[in-house]
Amino acid sequence: MGPVQDLHDRLAGVDPQAGQELEVIHRNGLRLGKLVNTLLDFSRLEAGRMQARFQPVDLAGVTAELASVFRSAVEKAGLRFEIDCSPLPEPVHVDLGLWEKVVLNLLSNALKFTVDGSVGVSVRAGADRAVVTVSDTGVGVPQQEIPRLFERFHRIENTWSRSKEGSGIGLALVQELVGLHGGTIHAESAEGVGTSFTVELPFGTGHLPAEAVSHEAVIPAASDIAAPYVQEALRWLPDPDLTVEALLPSTAAGAAPEVPATVLVADDNADMREYLTRLLHRAGYEVRAVDDGLAALEAAGPGRTWS
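Because the structure is predicted, anything quoted here is derived from the model rather than measured.

Participant: Give a detailed account of the packing of aromatic side chains, specifying residues and quantitative values.
Facilitator: Tallied over the full model, the rule gives one aromatic pair. With 6.0 Å between their ring centres and 75 degrees between their planes, phenylalanine 150 and phenylalanine 197 make a pair best called edge-to-face. You can see phenylalanine 150 sitting in the loop between strand E5 (129-136) and helix H6 (170-180) and its partner phenylalanine 197 sitting in strand E7 (residues 194-202), a full 47 residues away along the chain. In this structure phenylalanine 150 comes out as buried when scored by relative accessible area, which is 13%. A relative accessible area of 4% places phenylalanine 197 in the buried class. Residue placement shows arginine 152 over the ring face of phenylalanine 42; its charged tip is 4.1 Å from the ring centre.

The structure is reproduced here in structure tokens:
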């Protein structure tokens, strides 16, 4: 995806048609990557190899920040976006990357099936747990379909949505990831009224595998997980000029230092190694590239012996 974006940046101003075609390639690549990653997540979960690391986070703050990524898209769709994330009495242990997938899946689902009204996100404290709700005033779900909402590959036919595309695995993944956190999720819905999904995550760590728990607080940072979700949502809206860059927090690096730093790149994939080297050279850095870890250790410590 990096080389495609790089090629687009070089050609868009010279050949607008080529730029548009590369944008389509990039968007479809993001969608394909999102689907592949979702299937891989299922595979890891079924094999018991999902490597989660549960750390204490300010769940209200993190959830509000994730929701804000969707604000422009929701408002562009003519909907109200209501975020009410009250501070919790204590941190909640979550794997931040997996929690992002939970929230982003629920939000994109709400936007997809809501034609007017609002989309809402709330966080509040329950008796011994955090309660997170994503709601909408969308088309709703027939009562007979609610038991099958979290069934893998199940899609509700003959229902209005902003897009007929979909694999029917987003909500199934959400249920699995919430369960991995020792939590629960349930849905309430009425046709023509809307739908709400409520996630409950216990406080403390007694419900989590001891070996996967860290008590070191995690500092939320911008990630690339949101981009495919937001990019897909943008294609459901009527404004083709709205870009994902307008919605996501800026993660652009600052200018290279006046005295170029030397960056050591170690990667066993030659294409990736060469691509990273080109990017860093262009940013003004000195680059040394090697193809394995042993060579990297030797390069990092000239004259030193490593074992």
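Having put the structure on the table, let's press on.
Participant: Give me the lowdown on the sheet that holds E7, citing residues and values where you can.
Facilitator: Pairing in this open sheet of five strands is mixed, and the strands run E2-E4-E5-E7-E6 from one edge to the other. The outermost strands of the open sheet, each flanked by one partner alone, are strand E2 (80-85) and strand E6 (184-190). Here the strands of the sheet are splayed against their neighbours by 10 degrees on average, with no regard to which way each runs. Where E6 meets E7, seven bridges bridge the pair, whose relative direction is antiparallel. For histidine 186, the partnering residue across the bridge sits in E7 and is threonine 198. Docked against the sheet, H6 engages E6 and E7, running at close to 145 degrees with respect to E6.

Participant: Can you tell me about a nonpolar patch on the surface, naming the residues and giving the values?
Facilitator: Together, Leu32, Val36 and Leu40 make up a nonpolar patch on the protein surface, roughly 250 Å² of accessible area in all. Here valine 36 is to be found in helix H2 (residues 16-47).

Participant: Kindly report on the packing of H2 against helix H7 (residues 226-234), identifying the contributing residues and their values.
Facilitator: Close contact between H2 and H7 brings their axes to 9 Å; oriented N to C, the two are set at 125 degrees. In terms of their interaxial angle, H2 and H7 are classed as oblique. Taken as a pair, H2 and H7 cross one another with a handedness that is left-handed. Counted together, Arg27, Leu30, Arg31 and Lys34 of H2 and Pro228, Tyr229, Gln231 and Glu232 of H7 form the full contact between these two elements.

Participant: Just give me the short version of the pairing of strand E8 (residues 262-266), but keep the residues and values in it.
Facilitator: One ladder, built from five bridges, connects E8 with strand E9 (residues 286-290); its direction is parallel. Among the inter-strand pairings, valine 263 is bridged to a residue of E9, identified as valine 287. Where the polypeptide runs from E8 across helix H8 (residues 270-282) and back to E9, its parallel neighbour, the crossover connection is right-handed.

Participant: Go over the environment of leucine 35 with me, naming the residues and quoting the values.
Facilitator: Assignment of secondary structure puts leucine 35 in helix H2. Along the primary structure leucine 35 and proline 228 are separated by 193 residues, whereas in three dimensions their C-alpha atoms are 9.7 Å apart.

Participant: Account for the nonpolar core, with residues named and values stated.
Facilitator: With 65 residues, the main nonpolar core has Leu59, Phe70, Trp99, Leu106, Leu107 and Leu111 as its most contacted residues. Take this core: its biggest share by element is ten residues, from helix H5 (residues 96-112). Excluding its chain neighbours within four sequence positions, the residues that come into contact with tryptophan 99 are Leu59, Val62, Thr63, Leu66, Val94, Val132, Val199 and Leu201.

So, how was this worked out
Within each chain, residue numbers correspond to sequence positions counted from 1 in written order. Where totals are concerned, whole chains, interfaces and linings use all residues; where local detail is concerned, this predicted model gives features only for residues with pLDDT of at least 70, and gives and counts side-chain atom pairs only at 80 or more. Values shown for side chains rest on all heavy atoms present in the structure; no hydrogens or waters enter the calculation. Ring pairs are drawn from Phe, Tyr and Trp, using the six-membered ring of Trp, whenever the two centres fall within 6.5 Å, and their geometry is named by plane angle: stacked under 30 degrees, edge-to-face over 60, tilted for the rest. Helix and strand assignments come from DSSP, with helices taken as H or I runs of at least 4 residues and strands as E runs of at least 2, each series counted from the N terminus. The cut-offs for exposure are 20% and 50% of the maximum accessible area for each residue type, with area from a 1.4 Å probe on protein chains only; residues under the lower value are buried, those over the upper are exposed, and the others partly exposed. Any Lys NZ or Arg CZ found within 6 Å of a ring centre and within 35 degrees of that ring's normal is scored as a charge over the ring. A pair of strands is labelled paired if DSSP reports no fewer than 2 bridges between them. For helices, the axis comes from a line fit to the C-alpha atoms of the stretch in contact; other axes are also lines fit to C-alpha atoms, and the angle between any two N-to-C directions lies between 0 and 180 degrees. Any two residues having at least one pair of non-hydrogen atoms within 4.5 Å are treated as being in contact. Here, patches come from residues exposed beyond 30% relative accessible area and free of salt bridges, joined within 9 Å for like charges and within 5 Å for nonpolar side chains (Val, Leu, Ile, Met, Phe, Trp, Tyr). For the area figures, the Shrake-Rupley method with a 1.4 Å probe applies, and any residue is considered shielded solely by the protein chains shown. Note on definitions: salt bridges are taken to be side-chain nitrogens of Lys or Arg within 4 Å of carboxyl oxygens of Asp or Glu. To sort the angles, those under 35 degrees are grouped as roughly parallel, those over 145 as roughly antiparallel, those from 65 to 115 as roughly perpendicular, and the leftovers as oblique. Left-handed is the label given to a crossing in which the near helix is rotated counterclockwise from the far helix by less than a right angle, and right-handed is the label when the rotation is clockwise. Whether a crossover is right-handed comes down to one check: with the strands pointing away from the viewer, does the path from the first strand over the helix to the second run clockwise; if it does, it is right-handed. Definition of nonpolar core: a set of buried residues of the types Ala, Val, Leu, Ile, Met, Phe, Trp, Tyr and Cys, connected through side-chain atoms within 4.5 Å.

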